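# Descriptive analysis of the structure
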Amino acid sequence: WELNGSFHQPSAFLMMGIPGLEALHHWISIPFCALYLIAVLGNCMILFIIKKTQSLHEPMYYFLSMLAVTDLGLVLCTLPTTLGIFWFNMRRIGFDACLTQMYFIHILSFIESSVLLAMAFDRFIAISHPLRHPSILTKTTVIKIGLAIIMRGMVSLLPIPFLLKRLTYCGKTELSHSFCFHPDIMNLACADIKVNVFYGMIILLSTVGMDFIFIVLSYILIIKTIISLATKEECLKALNTCVSHICAVLVFFIPMIGLSMIHRFGKNVPPLVNTLVAYTYLIIPPALNPIIYSIKSSHIREALLRALRRKSE
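Calculation notes
- Residues numbered from 1 in each chain as written.
- Predicted model: local features only at pLDDT ≥ 70, side-chain atom pairs only at ≥ 80, totals over all residues.
- Heavy atoms only, no water.
- Disulfide = S-S within 2.5 Å.
- Helix = DSSP H or I, 4+ residues; strand = E, 2+ residues; numbered from the N terminus.
- Buried < 20%, exposed > 50% of the residue type's maximum accessible area, 1.4 Å probe, protein only.
- Axes fitted to C-alpha atoms, helices over the stretch in contact; angles between N-to-C directions.
- Parallel < 35°, antiparallel > 145°, perpendicular 65-115°, else oblique.
- Left-handed = near helix turned anticlockwise from the far one by under 90°.
- Contact = heavy atoms within 4.5 Å.
- Nonpolar A, V, L, I, M, F, W, Y, C, P; charged D, E, K, R; others polar.
- Patch = residues over 30% accessible without salt bridge, like charges linked within 9 Å, V, L, I, M, F, W, Y side chains within 5 Å.
- Areas by Shrake-Rupley, 256 points an atom, 1.4 Å probe, with all protein chains shown as cover.
- Salt bridge = Lys/Arg side-chain N within 4 Å of Asp/Glu carboxyl O.
- Phe/Tyr/Trp six-rings, centres within 6.5 Å; stacked < 30°, edge-to-face > 60°.

## Looking at the state of the cysteines
Disulfide: a covalent bond connecting the sulfur atoms of a pair of cysteines. Enumeration according to the criterion identifies 1 disulfide in this entry. Each sulfur in the disulfide pair Cys98 and Cys180 lies 1.9 Å from the other. Around the S-S axis, the bridge from Cys98 to Cys180 shows a dihedral of about -120° and counts as left-handed. Taken together, the positions of Cys98 in helix α3 (residues 95–128) and Cys180 in the loop between α6 (159–165) and α7 (182–186) put the pair 82 residues apart, joining distant regions of the chain. Across the pair, Cys180 and Cys98 agree in class, each one buried. Considering cysteine sulfurs only, Cys44 is the nearest to Cys33, which forms no disulfide, with 17 Å between them. Looking at the unpaired Cys44, the closest cysteine sulfur is the one in Cys77, lying at 15 Å.

Here it is, written out as structure tokens:
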């Protein structure tokens, strides 16, 4: 512990693996390693295929590339501490290192939410205004959207580490997860955390909350457009282009909302449930998104098969 002026600040926090199953951590690490491997290889494969396939150089796949980069970032943020606990029981993380990890986890989560919104907007334009789609979403426009997404995440979350550093922390230093999460760190303080709670809630609602609302509105408009199409075949074809994106939205938002609710209102939720929801939120989407898009996108599937054939020849 360090006495810094009028407040106490811990030199480090202790991270938690899976409560009650510490003796099985080495065995539990096997499925986690598999998920991390799938996430890294799958997202690298998506980026490689899009880069090498000229026909995929269009807005839908540029946004998919952003999603893959974001998923890789999330994986690399949590992999060292999670596997460090499972393999070597390395629970200790420095205070500043914890705040840094927390900042990047939240930034990448907010960026993923915004990228999913951009992908919903792309699908809406492609289905509702197909002739104007190339002129609306030009390469320059996509780059500007990407930069705006990154800046929004960085600027909106910049005060969070400083709000945590100003707090006085009590004797308890054990976190609930194998990674650093804002509500988790905040709840270890023995000072007034109303500012942290209020700012965190405002930022969450004004970014991820608004993204989710606009995604839902986009799909309401998309469904309205699809219903107006002349034939059943056209309806199914238009809807099929959205299936992979809908799956990605559900896989990301359901566990994220669940984890936020548990941290704010689930005081009596068993620690094991809290831990499993957290892992589902941060590990499952990066692992599933490449699989979803590889299965549902015929263009990516065909490009992957062509690449495999070239390697085998």
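## Some remarks on the packing of helix α2 (residues 59–88) against helix α10 (residues 271–296)
Where α2 contacts α10, the two axes come as close as 9 Å, and the packing angle between them is 135°. If you check the angle between α2 and α10, you find them oblique. In this structure, the crossing between α2 and α10 has a hand that is left-handed. Of α10, the residues touching α2 (which contributes Leu64, Leu67, Asp71, Leu74, Val75, Thr78, Thr82 and Phe86) are Tyr279, Leu282, Pro285, Pro286, Asn289 and Tyr293. Residue composition of the contact of α2 with α10, grouped by class: 10 nonpolar, 3 polar and 1 charged.

## Remarks on a nonpolar patch on the surface
Taken together, the side chains of Met210, Phe212, Ile213, Phe214, Val216, Leu217 and Ile220 present a nonpolar region at the surface, about 570 Å² in accessible area. Here Ile213 falls in the partly exposed class, since its relative accessible area comes to 43%.

## Some points on the packing of aromatic side chains
A complete count under the given rule lists 12 aromatic pairs for this structure. Look at Phe95 and Tyr169: their rings are 5.7 Å apart centre to centre, the planes differ by 75°, and that puts the pair in the edge-to-face class. Taken together, the positions of Phe95 in helix α3 and Tyr169 in the loop between α6 and α7 put the pair 74 residues apart, joining distant regions of the chain. Under the relative-accessibility criterion, Phe95 is labelled buried at 3%.

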